[in-house]
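This is what each chain is made of:
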Amino acid sequence: MSLKLFRTVKQTAILLISVVVFLESCVALCFIQIITIILFKKNTKSYQKCMDFTKKYFLIMLTAILSVAAPSKVRITTCNNTIGKNVFFMDHQKGRISSTLCPDSVVICNHQIYTDWIYLWWIAYTSELAGRVHIMLKKSLKSIPLLGFGMTNFNFLFMNRKWAHDRVNLINTLKELDANARGLGPLSSNTPVKTDNDGVVNWDSRVHPDVREKKTNSNCWPYNFLLFPEGTNLTYDTRCKSLKYARKVNKQPFKHLLLPHVTGLRFTLETLEPSLDAVYDVTIGYSGVQNSSYAASHYSLKQIFLEGKFPHIVDIYIRSYELKNIPLRDEEAFAEWLYNVWKEKDELLEEYYISGSFKQESNNTSTVVDKFNVSPSEYLLVGMIPCITFLFILKLLAA
């Protein structure tokens, strides 16, 4: 068998196995969610724990598939000045990277390829927060069979991208996340203080406990809210649109990034302010991408699963901001702050494409490297759940 034929057979097998595992896992998760709705709808804590399990399992399944189809290494570099040393570390007991991130956070990131959000979700997983991740999605995704049902139960936020339609939905979702994080929301059997005429639901506004108390308080439900302020991934077409917009607003465009949108992020931070512990600024870079090219052109889903092309190293640089140092109250000052954050990210990526890593002076950063993976026992879980579900469905059909 020629090398080319072997590679073709290998990629075909990986694709077929990935599709089967993905579809059967989605069926299994929807089945578990339906059972949860039937059994625990009135028991809010048990209901949410089960839904959080399905959310975590979905991420584990995606990571397991990617670790086979695109066996990359992840190199996480953190800023010691803002995050501190050893927040990310190699956990030999679990066989993977672990971390100790703050329980309630907003994560902002540049957007290069469609799988960016999986790596951000995986970062939350390293801190045992995979079941508490929340993502903004286009409302059209809600109509996808199986996935739409599952993601609705994940409590993901579906947006029309029209502020008039999105405002009440967004503010109610964020206010509920904030109240639950403070132990004063519906997951702790609390009721709203009032509902405004426009449908906005208001919860008890008491000050949240400190970080240490929240980690041990069973009434506090953490969140990890993922946002891509650029709104879309970086391609030739989106960069041209960003350049045009930069000229319109009289801003210097970026070389490796799109101009970030201000409104959604500012509104999110303002609404979550009572419970928010940290804003994590993540910059992602992919090995094999040249200075003048686009990661989306190198690592599309087609290239990953059909051609076996993937980044050998996914580089992730993380720094943290305290909310008190972000000018939320002044719209223009906030816009300038966000622009400067993106400017620093652009300079960071310029250095990355020259040196091949985000590592700066050794005393300013900490780095940990390992395979993009999950714990060994969780790989077994990915294989077991679809098989058990398949056998159960066969038994039902036979009966």
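Source: prediction; values computed, not measured.

## Digging into the overall build of the protein chain
When you go through the protein chain residue by residue, the secondary structure sums to twelve helices and twelve strands. A globule of 399 residues ought to have a C-alpha radius of gyration of about 21 Å, and the protein chain, at 22 Å, matches this closely. Across its three principal directions, the C-alpha atoms of the protein chain cover 65 × 60 × 40 Å. Classification of the 399 residues of the protein chain by burial places 49% in the buried group. Considering only intrachain contacts with a sequence separation of at least 6, the fraction spanning at least 24 residues in the protein chain is 77%.

## Comments concerning helix α12 (residues 376–398)
Look at α12: 34 Å from first C-alpha to last across 23 residues, which is about the 33 Å you get at 1.5 Å a residue. Taken residue by residue, α12 has E378, V382, I385, P386 and T389 as its buried positions. Residues of α12 that are buried make contact with α1 (3–40), α2 (44–69), β3 (96–99) and α3 (116–126).

## A short note on the sheet that holds strand β12 (residues 365–371)
Spatially, β6-β5-β9-β4-β10-β11-β1-β12 is the arrangement adopted by the eight strands of the open sheet, whose pairing is mixed. Looking along the sheet, the strands with just one partner apiece sit at the ends: β6 (157–159) and β12. Strand after strand, the sheet turns through a mean of 25 degrees between neighbouring axes, direction not considered. Strand direction decides the pairing type here: strand β1 (residues 73–79) and β12, joined by seven bridges, are antiparallel. Within β12, the position partnered with T77 by the bridge is T367. Sitting on the sheet, helix α5 (residues 163–181) is in contact with β4 (104–109), β5 (133–138), β6 and β9 (223–227), with an inclination near 165 degrees to β6. Where helix α11 (residues 331–355) meets the sheet, it contacts β4, β10 (278–286) and β11 (313–321), and its direction lies at approximately 30 degrees from that of β10.

## Looking at the packing of α2 against α12
Contact geometry for α2 and α12: axes closest at 9 Å, N-to-C directions at 105 degrees. The angle between α2 and α12 falls in the class roughly perpendicular. Here F53, K56, Y57, I60, M61, A64 and S67 of α2 come into contact with α12, specifically with E378, Y379, L381, V382, I385 and P386. When the residues that make up the contact of α2 with α12 are grouped by side-chain class, the tally is ten nonpolar, one polar and two charged.

## Let's talk about the environment of F31
Residue position: F31 is located in helix α1. With 119 residues separating them in the primary sequence, F31 and G150 have C-alpha atoms 9.6 Å apart.

Rules used in this analysis
Residues numbered from 1 in each chain as written. Predicted model: local features only at pLDDT ≥ 70, side-chain atom pairs only at ≥ 80, totals over all residues. Heavy atoms only, no water. Helix = DSSP H or I, 4+ residues; strand = E, 2+ residues; numbered from the N terminus. Rg over C-alpha atoms; globule rule 2.2 N^0.38 Å. Buried < 20%, exposed > 50% of the residue type's maximum accessible area, 1.4 Å probe, protein only. Contact = heavy atoms within 4.5 Å. Expected span 1.5 Å × (residues − 1). Pairing = 2+ DSSP bridges. Axes fitted to C-alpha atoms, helices over the stretch in contact; angles between N-to-C directions. Parallel < 35°, antiparallel > 145°, perpendicular 65-115°, else oblique. Nonpolar A, V, L, I, M, F, W, Y, C, P; charged D, E, K, R; others polar.

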